[in-house]
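Chain and residue survey
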Amino acid sequence: MWVQLGIRYKVLLLFFLLSIIPLASLNAVWLRYSQGQLKIAAADRQSVLVASIAQRINIALDSQIDAVVSTSQDGEVISLEPSTAQSKLLQYANETTEVRRVVLTDRVGKEVAVIEDGAVQAAVGDSSTSEAFEVVRLVSNRPLVSAIKFDEAVPYVTVSVPILTQGNLGDQSFTTIEALARRFSADIRGALIVDISIEEIWTLVSEAKLGDSGYMYLVDSGGRVLIHPNQELTTERRDLSSNTEVKDVLAVLREFDLDAVVKQFKPDPTISTSETGVAVLSSSFPISQTRWGLVAQEPISSVYNSVNRIAVTALTIFLIAVPLMVLLVLGSARTIIRPIRQLSDGVIRMSSGDFSHQINIRGKDELALLAGSFNAMSSNLQALLGRLRAQNATLETEHVKLQAVLNTMSDGVIVLDGQYRIVLTNRTMASFVRAKDSKELYGQSWLSVFNLLYEEKLFTNEQLKKGDVAYFHDLSIRIGDEQRYLDMTAARIYNDPSGIVFILTVQDITPRRELENMKLDFVSMAAHELRTPLTAISGYLKLIDESDTTAEDRSSYIDLASNNTRMLEGLINNMLALSRIERHSLVIHKLKLNWTELVREEVHSFQFMASTKSIELITQVPDETLFVKGDDMALREVLGNLINNAVHYSEDNQKVTVTIERTGNSVKTTVSDHGIGIPEPLHSKLFTKYYRAKGGLTTNSQGTGIGLFISKSIVEAHGGKIDFTSTFGQGSNFYFILEEFKEGEDRQQINSDGTIMKGEQI
Ligand code: ADP
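Presented here is an overview of the structure given in this document.

1. Describing the overall build of the protein chain
Counting its regular elements, the protein chain contains 19 helices and 26 strands. Taken along its principal axes, the extent of the C-alpha atoms in the protein chain is 225 × 65 × 55 Å. Going through the 762 residues of the protein chain one by one, you find that 42% of them count as buried. Partitioning the intrachain contacts of the protein chain with sequence separation of at least 6 by distance along the chain shows that 62% fall at a separation of at least 24. On the protein chain, roughly 41000 Å² of surface is accessible, and the fraction owed to carbon and sulfur atoms is 55%. The distance from the centre of the 74 positive side-chain charges to the centre of the 92 negative ones in the protein chain is 4 Å.

As C-alpha cells, then:
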C-alpha cells in the first residue's frame, strides 16, 4: 500500500501522522482533562451555592416563623380581646413587610381579629374549616406551614400556630420549639394564622443561576414542586419524588432532629437524569424549618459549555487550519516533489533509452546537485551510447565480413565459448550437419550437434581440453544415407577477451577417401582385368600347340586368343590414356576420318565377344558415308569402351545397336543396349574417374571404372559432347557428338592444355 503511493501522498500522509494526529490527540486529552476539572469546579460551585441559598431560605423562614410564634405568645394576643389583640397584630403586621394578612381565631375557629393590607378588617369570618386551623389539632412541635400560594402573582405561605394559655412566659429568650413543646400543658385558646409573602425566597430560588443554564427548585417533604423556574411544574405541583436528587433530600427530611442533620449536611453533587430527561450535575440541601428540599441542577452540557466552546473553537480553527496547512504542505512539498518527479521522469526516460533528456532544477540544494549529476551522467551515457553504436556497427560489419569469409571456406568452422556453446559457425559446417542455416546452430552445445551425428556419442568436452590443439582423424559419420569422413582440429584459445575458447575446423575428406578407395579398387581390378585375358591367351596357345587339335579348332583358338589380345590392348590403351589425361599430355590429332567405316570396323571387332553371350550386335549407318574430324585411335577407344560396356552390361541373347546419324554439322553416334540400366541417382557420377556403380550392377562384373572417364575426356578434347540416357532395368543409350569433317579444312592438333596447332605446326 505504502509502496504504491505517490510521493505527494506520502508527504501528505506523513504530515498527518506527524502533526495533525498528535495535535488532535492532544486536543482530545486536553478536552477530557478540562471537562474533569470543570466538573469538579462546577460541583464545588454548586455545593456552595445550594448550601448558601438553603441557608438563606432557612434564615428567612426562621425569622418569619419566629415572629409568628412570638406574636402568638404575646399576652395581648393570648387574651383574645379584639381591641387589644388587633392593635398588637396591626403593629406586628406593619413592622414585618412580608406579612400580608393576620387572622386570630378563638379555639373553635371564629375570627377574633383580622389584619389585612396594613389595616384592621372586620372579623366576621370563620376559619375552622381552613387548612391552617388544623394546627390546633396537630400534634407537632412546629408551626403549620402551608404550601405556596399565590395572590396576584405574589407567592406566600400561610403559617399557623396555636394560641396557648400560658404562652406568654414573660421570657423573650425562648425558642419556637421550646414554646411549642409546652403546649400540651396549656389550654389551646385559639390560633394565629399569618399569610407571609415568600417573594424573597421565590426570587432566590427561581432566579438562582448555575452556570449557563443551571437552576434550582424547591420541593416539599412529599417531593412535590413548590418553586420551579418552570412555572408549569410549580402550578401542577409536579411530584418529582422519583428524581434521584429529590429522593436523596427526602430521605434526609425524614430525620427527626433535622436541625442537627442540617448543621452537618454537605451537598454531594452527582450526575443524574433530570425531570426533563437530560444528564445533569445535581445536588440538594434540606430546609429544616419547613422540611422542604432545595435542589440544584446544571446540565452537564452547560458544565462543559466553556470547555466545549473552546473545543468547538479549536475544532473550527483546526478545520480551517487543516486545509490551509494541507495547501501549505502541498505548496511547499511541490518545491521538493517537483524536482523529485522531474528526476524520476528523467530516470524512467533514461531507462527506456532516451539519454538526450536533461533535467532543469534550479538552486543549490541536494536535488539540484543530483539533477546536475543526472544531466552529466545522461550526457556521458549518450556519448557512450553513440560510441557503442559506432563500435557495434563496426563490429557488425566485421561480423558480416567474418561470416562471409567463413561461408566461402570449404572447411567447416565452429567457434565455442567457455560453456562449449557454438557462437560462430559457417555454411559448410551447417551443411555437414544438415542444418538449414548456420544461425540455427548458434547457442547450441557442440556436443548436442556432434553427438547427434555420432550415435556412439564418442565426443566429450574433456577431449577438447587435452592440449593446445586436439586432432580427430577420419571421423566417419552418416548423414542420412550418405557416409562421410571428416577430419577435425580443435584449437584452444587462452584468455581471449571475447570469451571464445575453442576454434574447431572440420574438413570433409570424403572425396579424398573415396578417390583413394577407388584407386585401390582400380589397382586390384586392373590386375584382375589384365590377368583374365592373359590366362585365356596362354590357355588357347597351349590348345593350339596340342597334337590332336584340328585345323578348324586351331583357327577358332587363334580367334579367341586374338580377341583376348584385343581386350588386353583395349585395357592397356585405356590405362595409357588415363595416364596421359592425368599428366595433361593427351594429344589429339584431328584428321579426316571415314566415320562410317571406322564404326563398322569397331563393331566388327566386338562381334566375337558379343557372340560369346549370344548378343546381336547391329550397326545402323546412313546411306551416305559420314566423315568426322578426329583422332582415329582415340575415337576407336571411345567407341570400343561404349560397345564393350553395352555388351558387358547386357544379359545373354540381347541386342546392342550402334547408330550414327548426322545432326546439323555434327555426327551423333549412339550405342544402345537393353541391359541392366543405371539407377537415376548414380547418373551424375558415372563419368567420374574410377567410378563403378555399386550393388547388383557390379556383382560379378569386371571393369576398372576408367572407361567412361577416358571417353568423356577424349570426346571433350575433340570439342564434342558425350552423355547418356538410361532407365534402370531397361537399358541405356550412350551417345557422343563430334564435329563433321568438311572438305578444305586443315588438319589440326589439339593439345590437352587446349592449344590448337594446325598444318605445318604439327
Ligand atoms: P567399367 O570398366 O567398370 O565398365 P566404365 O567407366 O566403362 O568402367 O563404366 C563405369 C560404370 O558405368 C560401370 O562400372 C557400370 O556400372 C556403368 N556402365 C557403363 N556403361 C553401362 C551400360 N551400357 N549399362 C549399364 N551400366 C553401364
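2. Concerning the pattern of salt bridges
Within the structure shown, the criterion is met by 21 salt bridges. Across the salt bridge formed by lysine 88 and aspartate 74, the nearest N and O atoms sit 3.3 Å from each other. Separated by 14 residues along the polypeptide, lysine 88 in helix α3 (residues 82-95) and aspartate 74 in the loop between α1 (7-72) and α2 (75-78) bring together distant segments of the chain. When its relative accessible area of 19% is taken as the criterion, lysine 88 is described as buried. The shortest N-O distance in the salt bridge between aspartate 508 and arginine 484 comes to 2.4 Å. Of this pair, aspartate 508 sits in strand β17 (residues 500-508) while arginine 484 sits in strand β16 (residues 482-492), and the two are 24 residues apart along the sequence. When salt bridges with common partners are traced through the structure, they connect Arg566, Glu601, Glu602, Asp632 and Arg636 into a single cluster.

3. Remarks on the nonpolar core
Membership of the largest hydrophobic core comes to 62 residues, with the highest contact counts inside it found for Ile57, Leu104, Leu218 and Leu294. Element by element, the count of residues in this core is highest for α1, at 11 residues. Aside from chain neighbours lying at most four places away, what touches leucine 294 is Val50, Ile53, Ala54, Ile57, Val205, Met216, Tyr217, Leu218, Ser283, Ser284, Phe285 and Ile287. One finds Met609, Val658, Ile706 and Phe709 within the second-largest nonpolar core, a separate group that totals 51 residues.

4. As for the sheet that holds strand β14 (residues 422-425)
With respect to topology, 5 strands assemble into an open sheet ordered β14-β13-β17-β16-β15, the strand pairing being antiparallel. Each having just a single partner strand, β14 and β15 (469-479) make up the two edges of the open sheet. Within this sheet the neighbouring strands show an average axis-to-axis angle of 25 degrees, counted without direction. For β16 and β17, the ladder comprises 7 bridges, and the chain directions are antiparallel. Directly across from alanine 491, in β17, lies its bridge partner isoleucine 503. On top of the sheet, helix α11 (residues 366-408) reaches β13 (412-417) and β14; it is set at about 65 degrees to β14, its chief contact. Sheet contacts for helix α15 (residues 510-545): β15, β16 and β17; angle to β16, the most-contacted strand, approximately 125 degrees.

5. Structural notes on the side chain of threonine 596
Here threonine 596 shows up in helix α17 (residues 595-612). Residue contacts for threonine 596: discarding those within four places in its chain leaves Val621, Glu624, Thr625, Leu626 and Ile660.

6. Considerations on a nonpolar patch on the surface
On the surface, a nonpolar cluster with roughly 780 Å² of combined accessible area is contributed by Trp2, Val3, Leu13, Leu14, Phe16, Leu17, Leu18 and Ile21. As for its position among the elements, isoleucine 21 is in helix α1. By relative accessible area, which is 43% here, isoleucine 21 ends up partly exposed.

7. Quick look at the site of the ligand
Around the ligand, a shell composed of 18 residues is seen, among which Asn645, Asp673, Arg692, Thr704 and Leu708 lie nearest. Within the contact set of the ligand, an oxygen atom lies 3.0 Å away from a side-chain nitrogen or oxygen of tyrosine 649. One of the backbone nitrogen or oxygen atoms of glycine 705 is found 3.2 Å away from an oxygen atom of the ligand. When the ligand sits alone it has 520 Å² of accessible area, and the protein chains cover 96% of it.

8. Notes on the environment of glycine 346
In this structure, glycine 346 sits in helix α10 (residues 305-351). Along the primary structure glycine 346 and asparagine 375 are separated by 29 residues, whereas in three dimensions their C-alpha atoms are 9.1 Å apart. Aside from chain neighbours lying at most four places away, what touches glycine 346 is His357, Ile359 and Phe374.

9. Regarding helix α19 (residues 707-717)
Burial of α19 is extensive: 8 of the 11 residues sit out of reach of the surface. Residues of α19 that are buried include every one of Gly707, Leu708, Phe709, Ile710, Ser711, Ser713, Ile714 and Val715, and no others. Following α19 by one or two positions, glycine 719 adopts a phi angle in the positive range, close to 80 degrees.

10. So, the packing of α1 against α10
As a packed pair, α1 and α10 sit with axes 9 Å apart at the nearest point and diverge in direction by 165 degrees. When the interaxial angle is binned, α1 and α10 end up roughly antiparallel. You can see that α1 and α10 cross each other, and the crossing is right-handed. Grouping the amino acids of the contact of α1 with α10 by side-chain chemistry returns 23 nonpolar, 5 polar and 2 charged.

11. Points about α3
End to end, α3 covers 19 Å across 14 residues, agreeing with the expected 20 Å (1.5 Å per residue, within 8%). Among all positions of α3, only Ala85, Gln86, Lys88, Leu89, Tyr92 and Ala93 are buried. Here the buried face of α3 lies against α1, α2, β1 (99-106), β2 (111-116), β3 (119-121) and β7 (188-197).

12. Thoughts on the sheet that holds strand β21 (residues 655-663)
Here 5 strands make up an open sheet; going across it, the order is β19-β21-β22-β24-β23 and the pairing mixed. Each end of this open sheet is capped by a strand with a single partner; those strands are β19 (616-620) and β23 (721-727). Sheet twist, expressed as the average angle between the axes of neighbouring strands with direction ignored, equals 15 degrees. Direction of pairing for β19 relative to β21: parallel, over a ladder of 5 bridges. Residue pairing across strands places isoleucine 618 opposite threonine 657, the latter belonging to β21. Its contacts with the sheet place α17 against β19, β21, β22 (666-673) and β24 (731-739), and it is angled at close to 175 degrees to β19.

13. Here's the deal with the packing of aromatic side chains
Both the distance between ring centres and the angle between the ring planes are used here to describe each pair of aromatic rings. Tallied over the full model, the rule gives 7 aromatic pairs. Taking 5.2 Å as the distance between ring centres and 85 degrees as the angle between the ring planes, the aromatic pair formed by phenylalanine 150 and tryptophan 202 counts as edge-to-face. With phenylalanine 150 in strand β5 (residues 149-151) and tryptophan 202 in helix α5 (residues 199-206), this residue pair connects regions lying 52 residues apart in the sequence. Seen from their ring centres, phenylalanine 724 and phenylalanine 734 are 4.9 Å apart, and the 20 degrees between their planes marks the pair as stacked. Residue phenylalanine 724 is located in strand β23, and its partner phenylalanine 734 is located in strand β24; the two are separated by 10 residues in the primary sequence. Of the two residues examined, phenylalanine 724 and phenylalanine 734, each falls in the buried class. The ring centre of phenylalanine 627 lies 4.5 Å from the NZ or CZ of lysine 592, which sits over that ring. In this arrangement the basic side chain of lysine 712 is found over the ring face of phenylalanine 687, its NZ or CZ atom lying 5.4 Å from the centre.

14. Quick word on unusual backbone geometry
Even without being glycine, serine 614 reaches a positive phi, approximately 55 degrees. With respect to the helices, strands and loops of the structure, serine 614 is situated in the loop between α17 and β19. In this structure serine 614 comes out as partly exposed when scored by relative accessible area, which is 45%. A positive phi angle, near 65 degrees, is found at tyrosine 690, a position not held by glycine. By secondary structure assignment, the location of tyrosine 690 is in the loop between β22 and α19. Note on tyrosine 690: relative accessible area 6%, which makes it buried.

Reading guide: rules and limits
Residues numbered from 1 in each chain as written. Predicted model: local features only at pLDDT ≥ 70, side-chain atom pairs only at ≥ 80, totals over all residues. Heavy atoms only, no water. Helix = DSSP H or I, 4+ residues; strand = E, 2+ residues; numbered from the N terminus. Buried < 20%, exposed > 50% of the residue type's maximum accessible area, 1.4 Å probe, protein only. Contact = heavy atoms within 4.5 Å. Areas by Shrake-Rupley, 256 points an atom, 1.4 Å probe, with all protein chains shown as cover. Lys, Arg positive; Asp, Glu negative; His and termini not counted. Charge placed at Lys NZ, Arg CZ, Asp CG, Glu CD. Salt bridge = Lys/Arg side-chain N within 4 Å of Asp/Glu carboxyl O. Core = buried A, V, L, I, M, F, W, Y, C linked by side-chain atoms within 4.5 Å. Pairing = 2+ DSSP bridges. Axes fitted to C-alpha atoms, helices over the stretch in contact; angles between N-to-C directions. Patch = residues over 30% accessible without salt bridge, like charges linked within 9 Å, V, L, I, M, F, W, Y side chains within 5 Å. Near = heavy atom within 4 Å. Polar contact = N/O pair within 3.5 Å; in protein donor to acceptor, adjacent residues only side chain to side chain. Parallel < 35°, antiparallel > 145°, perpendicular 65-115°, else oblique. Left-handed = near helix turned anticlockwise from the far one by under 90°. Nonpolar A, V, L, I, M, F, W, Y, C, P; charged D, E, K, R; others polar. Expected span 1.5 Å × (residues − 1). Phe/Tyr/Trp six-rings, centres within 6.5 Å; stacked < 30°, edge-to-face > 60°. Lys NZ or Arg CZ within 6 Å of the ring centre and 35° of its normal.

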